[in-house]
Structure formats: structure tokens, C-alpha cells
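Examining the three-dimensional arrangement
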Amino acid sequence: MSADSSSDDLEFFDRDQEQTAAPATKLAQPPITKPAPLPLLASSMVLVVDDQRTVRKAVRRILEDAGIAWIAEAPSGQNALELISMPGAPTPDVIITDLMMEKTDGLGLMQAVRISRNKNITRIPMIVLTASNDKMVHEIAHDLGSARVLMKPSSPAEITSAVLEATATSTFG
């Protein structure tokens, strides 16, 4: 931008509002496009476990954009265990969990899933999505069978890739 340019030369568009044509003297911004849904994930069921509602909603949106139609949410490990243990409840293909939560944390959830008497539950691949950079905690998560440990914030591509890998190869069962 040259020194004599002003901020009036810039136009910003809200994705959710209709864009109007920019004057001919200004360059139009290309529209923001979502990635195409991945057919391999269309029938996947994912459970997102995090005590922060905003994180659950952000991950939900990423998963929806990837084409996943069945997404459940739980605010704690305890709630997640209750959800997947209900008689007749569908078994998620993947669980994405935070580590630091009230009631039952992510490590407690992982341990309970791995020792469950229900073999369908013990086979669920788990992905950790955490703000903790404690290497020892990451190692414990891997020891408990985490398919991947992702740091917050993670990109949509990282989360989608982790879910794809987890659904393709399960190390349990």
C-alpha cells in the first residue's frame, strides 16, 4: 500500500452478508470458500468432548464442513461416558476430547473407554485436542491409546486429517 493510500481504499466483506460489487478502481476480494466435504467422512459419527462450549461449537463447524453429519457434544468426560454407555445409543466412530475438564477429565475418559466391558466402546479411536503442552501428559494420552494429540488451536485441516486417519485405522479391538 502506498503512503498516500488510505484505509478507505480497503473493503471488507462479511461472509454471511451479501457482497456488493466493488467499484472498478478497487480489486474485488475472491469469495471465501469452504473445503469440499469428504465423502469418506459422510457416514462417520463423532463425539466432541470439551468443557468449553465455544470449542465444541468450533470443532462441530469444522466437522460439518468436512461433511460429517452425525456429531454429538458432551461438556465433560463423565457426560461422554453416560452418552456412549446408554443402552441402544449409537457408538461414535471417533471421540475428540479435551484433557482438562471438571468431573471426569480427558485422561479419565480415555481410561474408562479402554477398560469398558463393551467391546464396541473400547475400539473407539480417540483424538486429544488440548491447550496443554506438557509432554508427559501427551505421552500418557498416547499410552492410553490416543490416535493423535493436537494442540489448541488446531487448523481445520489438522482436525479433519486426524479424524480421517482415526476412522481409517483403529489400533484397538
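Note that this is a predicted model, so its numbers are computed, not measured. (Residues numbered from 1 in each chain as written. Predicted model: local features only at pLDDT ≥ 70, side-chain atom pairs only at ≥ 80, totals over all residues. Heavy atoms only, no water.)

A closer look at the sheet that holds strand β1 (residues 45-49)
- Strand order in this open sheet of five strands is β2-β1-β3-β4-β5, and the pairing throughout is parallel. Each of the sheet's edge strands pairs with one partner strand only, and the pair in question is β2 (70-74) and β5 (146-151). Here the average twist between neighbouring strands, direction ignored, is 20°.
- Bridge count between β1 and β2: five bridges; the pairing is parallel. When the sheet's bridge partners are listed, V46 is paired in β2 with I71.
- Set on the sheet, helix α1 (residues 53-65) makes contact with β1, β2, β3 (94-97) and β4 (126-130); between it and β2 the angle comes to about 170°.
- Along the sheet face, helix α5 (residues 135-143) touches β4 and β5 and points at about 155° away from the line of β5. (Pairing = 2+ DSSP bridges. Helix = DSSP H or I, 4+ residues; strand = E, 2+ residues; numbered from the N terminus. Axes fitted to C-alpha atoms, helices over the stretch in contact; angles between N-to-C directions. Contact = heavy atoms within 4.5 Å.)

Focus on the pairing of β1
- In terms of burial, β1 is largely enclosed, as four of its five residues are buried.
- Here β1 runs beside β3; their pairing, made up of four bridges, is parallel. Pairing of L47 across the sheet is with I95, part of β3. (Buried < 20%, exposed > 50% of the residue type's maximum accessible area, 1.4 Å probe, protein only.)

Digging into the nonpolar core
- One finds L47, V49, I84, I95, L109 and V113 to be the most contacted residues of the largest nonpolar core, which totals 20 residues.
- Of all the elements in the fold, those that place two or more residues in this core are β1, β2, α2 (77-85), α3 (106-114), β4 and α5.
- Examining the composition of this core, we find that four residues originate from one element, α3, more than from any other.
- Those residues in contact with I84 that sit more than four places away from it in its chain are L47, P92, I95, V113, I121 and I124. (Core = buried A, V, L, I, M, F, W, Y, C linked by side-chain atoms within 4.5 Å.)

As for the confidence of the model for the protein chain
- Put simply, the protein chain has an average pLDDT of 80, and 73% of its residues get 70 or more.
- Note on residues 1-25: pLDDT under 50 across the span, and 14 contacts to partners over four residues away in sequence or across chains. (pLDDT = per-residue confidence, 0-100.)

Thoughts on the packing of α2 against α3
- Relative orientation of the contacting elements α2 and α3 amounts to 25°, with a least axis distance of 8 Å. Looking at the two axes, α2 sits roughly parallel to α3. When you trace α2 past α3, the crossing you get is right-handed. The residues of α3 that touch α2, namely those facing G77, A80, L81 and I84, are L109, A112 and V113.
- For the contact of α2 with α3, the class distribution of residues is six nonpolar, one polar and no charged. (Parallel < 35°, antiparallel > 145°, perpendicular 65-115°, else oblique. Left-handed = near helix turned anticlockwise from the far one by under 90°. Nonpolar A, V, L, I, M, F, W, Y, C, P; charged D, E, K, R; others polar.)

Digging into the side chain of R56
- By the secondary structure assignment, R56 is in helix α1.
- Among the polar contacts listed, one links the side chain of R56 to the backbone oxygen of D50, at a separation of 2.7 Å.
- Beyond its immediate sequence surroundings of up to four residues, R56 is in contact with V48, D50, D51, E73, A74 and P75. (Polar contact = N/O pair within 3.5 Å; in protein donor to acceptor, adjacent residues only side chain to side chain.)

Regarding the environment of I127
- Checked against the element boundaries, I127 lands in strand β4.
- Considering only alpha carbons, one finds I127 and I95, 32 residues apart in sequence, at a separation of 6.2 Å.
- Once residues within four sequence positions are removed from consideration, I127 is found in contact with V94, I95, I96, T97, S146, R148, L150, A162, V163 and A166.

Section: the pattern of salt bridges
- The final tally for this structure, using the stated rule, is seven salt bridges.
- Its salt-bridge partner being R56, residue E73 comes within 3.3 Å of it at the nearest N-O pair. Here E73 is found in strand β2, whereas its partner R56 is found in helix α1, with 17 residues between them in sequence.
- With its nearest N and O atoms 3.5 Å apart, the salt bridge here joins D98 to K152. Residue D98 is located in the loop between β3 and α3, and its partner K152 is located in the loop between β5 and α6 (156-168); the two are separated by 54 residues in the primary sequence.
- On the accessibility criterion, D98 (5% relative accessible area) is buried. (Salt bridge = Lys/Arg side-chain N within 4 Å of Asp/Glu carboxyl O.)

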